[in-house]
Number of protein chains: 2
Amino acid sequence: MKAILVIGDGMADRPVKELGWKTPLEAARKPSLNQIAKTGICGIMDPISPGLPPGSDTATLALLGYDALKVYSGRGALEAIGSGVEVSPGDVAFRCNFATVDENLIVLDRRAGRIVNEDASKLAESLQKIKLEKPSDAEILFKNTIQHRAVLIIRKPGLSPAVGNSDPGKVGEKVLDLKPLDNSSEAKLTAEIVNKLMREFHKTLKEHPVNKERVKRGLPLANIILCRGAGTVPNIKPLSQMYRISAACIGATPLVRGVCKAAGIRLIDVRGATGTPQTDFMAKAKATIQALKTYDFVFLHVKAPDVASHDGDIKQKIGLIEKIDRMLGYLLRNIDLDSTYLAVTADHTTSSVTRNHEGDPVAIAITGPCVRRDDVEEFDERACAKGGLNRIRGMDLMPILMNLIGKAKKFGA
Amino acid sequence: MKAILVIGDGMADRPVKELGWKTPLEAARKPSLNQIAKTGICGIMDPISPGLPPGSDTATLALLGYDALKVYSGRGALEAIGSGVEVSPGDVAFRCNFATVDENLIVLDRRAGRIVNEDASKLAESLQKIKLEKPSDAEILFKNTIQHRAVLIIRKPGLSPAVGNSDPGKVGEKVLDLKPLDNSSEAKLTAEIVNKLMREFHKTLKEHPVNKERVKRGLPLANIILCRGAGTVPNIKPLSQMYRISAACIGATPLVRGVCKAAGIRLIDVRGATGTPQTDFMAKAKATIQALKTYDFVFLHVKAPDVASHDGDIKQKIGLIEKIDRMLGYLLRNIDLDSTYLAVTADHTTSSVTRNHEGDPVAIAITGPCVRRDDVEEFDERACAKGGLNRIRGMDLMPILMNLIGKAKKFGA
């Protein structure tokens, strides 16, 4: 028995006036999603707890069976891991941006004009060479990822992730000094090291040949690094230990990949999978069928509907749901439904009106040989609320799936 | 976006034989409650947890979003706060009655003939003057509230609320010595102080001119104070800190007002609101509309249905539900439903047959611009059980409402 868990990121929504108070899921043409609901058991699910709007990181932790309220330790390390950087226990990791500031450290562009990878790589190479002097020295790992995005790892005994951000979060505001968020000497030391490093980075970037070139080309300078989201690797048991399964992740979003990797899930690269609305849905579907030959559990993540929701593009969101539906159609045609469970849900509600993650529950449906089929016929937030799963929590989902495929361990005798 | 939470105290019930096995809510004429159900999302709610009969104090804590099982610290302090007495952290507070005992301290009347406020005030004034001698001395605050009711606060470092009652709870039984409920020196000291004080109170009351007057008028003597429900202020974060909202409470019951005040909710006095079945429902409705201009969240509490249930008066309970319905009609006509969420529920089930709080879940409905409307058409315990909220807990309600009005804080990134 095997299982596939398909996550439409931010796919759940609230009723929208322009859709006659339907949700995008209710408005979409979605024969395959409906088939899963019809042949499966349905319900609604609070990713973390009722009313609490989750981030993609905490929600993914929960959907993989972890108690996010207990194990979550910041976004930085998860994003770094997902970008292919090794983060060890004790390391403090940050999400970083190449950005543009004026001589008074006022932010002019938080993305340095969405600097191209090539420029960012050259700059990162120089930053990686910087060494701090004792006593506030540390091992430094700095890596650019996509465009203006980068990750920074600080390695030294006695650090703490309880520090703020240097990123003020807004254009027109001054770059911040990192502040310790508690009274520990560890937090003070971490803030001190990072503040010193940020000054060194700024000095190096200002004088860098790449920036001299950018001035000539009329491009915004990438003259500062903004950091935020300090975190450590969460202390979690890998799924292989929890359930004795092998697991694979198909998804392009670094943050989600990071959570999966922290959970011991093998990351599979798929050509054309981009984490954007232009992602190659069918390539992901094919890779899932392929992975299912080797792995017990495949986690298939599609970022696109969340992107459309954050843009408030309801029409695009519906279109993307319909693409996910076709992707699911391919899965349904190509899996052995006698030996495979297929679950589909969202990691959270993203309102295409407020353009934010919201705390409303999401729809969930599980089809497969031995589920207790209910009479729900459509996959959406309201129809599924009448299903046989009733209302569950995100962290219940993995135990439910593992139970169906015979991988749950008895508690008691 | 703003929210109103309307609580019909003990409004939920069990099916009653005399009503053809309907509940009072099912039997009542309630067009406005039904309108809220019809235009809203419905469910059932366990105030604390399934099967657990809550008190009004623990239920109100839960409905305000607190984990009552963790933060509840006795009724005494909450009732005292609700009566307008300041209670500081560390103080131990008791609920007290003026009562009548014979010369052997056997209770003859637990309410001293429901002594009038005027007599109780004179007696309380004398009791407040009593000073205890060292080492078992303490700062004493004694205040009569309504009729035979009073509150007592003991202030001194090193006290504990882990003490029993002096009130035996029944006529014909002897007044108790307060017992420490654990082996701590704090509990022992607290019991010792209160026992000494109770003896001093008894001495003063016996000889008091007010009681000499009462004998002449043929009234029961108010010759003893019975105390019970030792408690401290709960250690809870105010709602303003949890959600960055301003909140107001419209309700007359001291205990509920105490919980609200402990939660940082502003108490609004309404002329004619009495906490009894004779309360002025429309005055409360008007005060709610008024408060909504200033506050993000209004907590509107109606004690009456609980009173009728405790009296086993089913007909009165139905009549009071119908009055609450008319109060809700006024709210529905006077709020802006594009920017206001209106939730209605009960704090617990009170059976009008057993005349006790019971652990059955209560009905809940929330209407407002962006709820996922379900197809429930009536507001009662059974109809709402088929609604889109399914089954939630009392402490989930505030996060759900705060999420709807955009005041929930994202967990994660």
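To be clear, the structure that these remarks concern was listed above.
What counts and what doesn't
Residues numbered from 1 in each chain as written. Chains lettered and ligands numbered in written order. Predicted model: local features only at pLDDT ≥ 70, side-chain atom pairs only at ≥ 80, totals over all residues. Heavy atoms only, no water. Least-squares fit on C-alpha atoms with pLDDT ≥ 70 in both. Contact = heavy atoms within 4.5 Å. Pairing = 2+ DSSP bridges. Helix = DSSP H or I, 4+ residues; strand = E, 2+ residues; numbered from the N terminus. Axes fitted to C-alpha atoms, helices over the stretch in contact; angles between N-to-C directions. Core = buried A, V, L, I, M, F, W, Y, C linked by side-chain atoms within 4.5 Å. Buried < 20%, exposed > 50% of the residue type's maximum accessible area, 1.4 Å probe, protein only. Salt bridge = Lys/Arg side-chain N within 4 Å of Asp/Glu carboxyl O. Phe/Tyr/Trp six-rings, centres within 6.5 Å; stacked < 30°, edge-to-face > 60°.

**Q** Pulling in residues and values, what's your account of the relation of the copies chain B and chain A?
**A** You can overlay chain B on chain A at an RMSD of 0.2 Å; the transform is a turn of 123° with a shift of 0.3 Å along its axis. The transformation relating the two chain copies, once decomposed into turn and shift, fits a three-fold axis. For chain B, the residue whose C-alpha comes nearest the rotation axis is N390 of chain B, separated from it by 3.7 Å. Little of the interface of chain B is mirrored in chain A, where only 9% of its interface residues are also at the interface.

**Q** Residue-level account of the sheet that holds strand β9 (residues 266–268) of chain A, with values.
**A** Residue and element names in this part refer to chain A. Here we have 8 strands laid out as an open sheet, ordered β9-β8-β10-β1-β11-β14-β2-β15, and mixed in their pairing. Of all strands in the sheet, those with a lone pairing partner are β9 and β15 (390–393), marking the two edges. Along the sheet, successive strands turn relative to each other by an average axial angle of 25°, direction set aside. Where strand β8 (residues 247–250) lies against strand β10 (residues 297–302), 4 bridges are found, and the strand directions are parallel. The partner of I250 across the bridge, within β10, is L300. Across the face of the sheet, helix α15 (residues 394–404) comes into contact with β1 (2–8), β2 (40–46), β10, β11 (340–345), β14 (362–367) and β15 while running at roughly 100° to β15.

**Q** So what's going on with the nonpolar core? Residues and values would help.
**A** One finds L64, L239, F297, I366 and F379 of chain B to be the most contacted residues of the largest nonpolar core, which totals 93 residues. Broken down by element, the residue count for this core peaks at 10 residues, all from helix α13 (residues 314–334) of chain B. Of all hydrophobic cores here, the second largest spans 90 residues; its members include I289, I335, V362 and V376 of chain A.

**Q** Which residues make up the pattern of salt bridges, and what values go with them?
**A** Residue and element names in this part refer to chain A. Here the structure, examined in full by the defined rule, presents 44 salt bridges over all chains. A salt bridge links K303 to D9; its shortest N-O distance comes to 3.7 Å. With K303 in the loop between β10 and α12 (304–310) and D9 in the loop between β1 and α1 (24–27), the pair connects residues that are 294 residues apart, well separated along the chain. Accessibility assignment for this pair places K303 and D9 in one class, buried. For the salt bridge of R257 with D269, the shortest nitrogen-to-oxygen distance reads 2.7 Å. Of the two residues, R257 sits in helix α10 (residues 254–262) while D269 sits in the loop between β9 and α11 (281–292), which places them 12 residues apart along the sequence. On the basis of relative accessibility, which here comes to 12%, the residue R257 falls in the buried class. If you follow the salt bridges from partner to partner, you end up with D9, K303 and D306 in one network.

**Q** An account of the packing of aromatic side chains is needed here, citing residue identities and associated values.
**A** All names here are of chain A. Scanning the entire structure with this criterion turns up 5 aromatic pairs over all chains. Between F142 and F201, the aromatic rings sit 5.3 Å apart at their centres with planes inclined by 75°, giving edge-to-face as the arrangement. Of the two residues, F142 is situated in strand β5 (residues 139–144) and F201 in helix α7 (residues 185–206); the sequence distance between them amounts to 59 residues. The pair formed by F142 and F201 is uniform in burial state, with each residue classed as buried. Cluster of aromatic residues (ring-pair linked, three or more members): F98, F142 and F201.

**Q** Requested: an account of the pairing of strand β2 (residues 40–46) of chain B, with residues and values cited.
**A** All names here are of chain B. Judged by how many residues are buried, β2 sits mostly within the fold: 7 of 7 residues are covered. Sheet analysis places β2 next to strand β15 (residues 390–393), joined by 4 bridges and oriented parallel. Following the sheet pairing, I44 is matched in β15 by R391.

**Q** I'd like a description of the sheet that holds strand β1 (residues 2–8) of chain B, backed by residues and values.
**A** All names here are of chain B. Spatially, 8 strands are ordered β9-β8-β10-β1-β11-β14-β2-β15 in an open sheet, and the strand pairing comes out mixed. Strand pairing shows two members of the sheet lacking a second neighbour, β9 (266–268) and β15, which therefore form its edges. Averaged over all pairs of adjacent strands, the angle between strand axes in this sheet comes to 25°, irrespective of strand direction. Bridging between β2 and strand β14 (residues 362–367) involves 6 bridges; their strand directions are antiparallel. Looking at the pairing, G40 lines up with T367 of β14.

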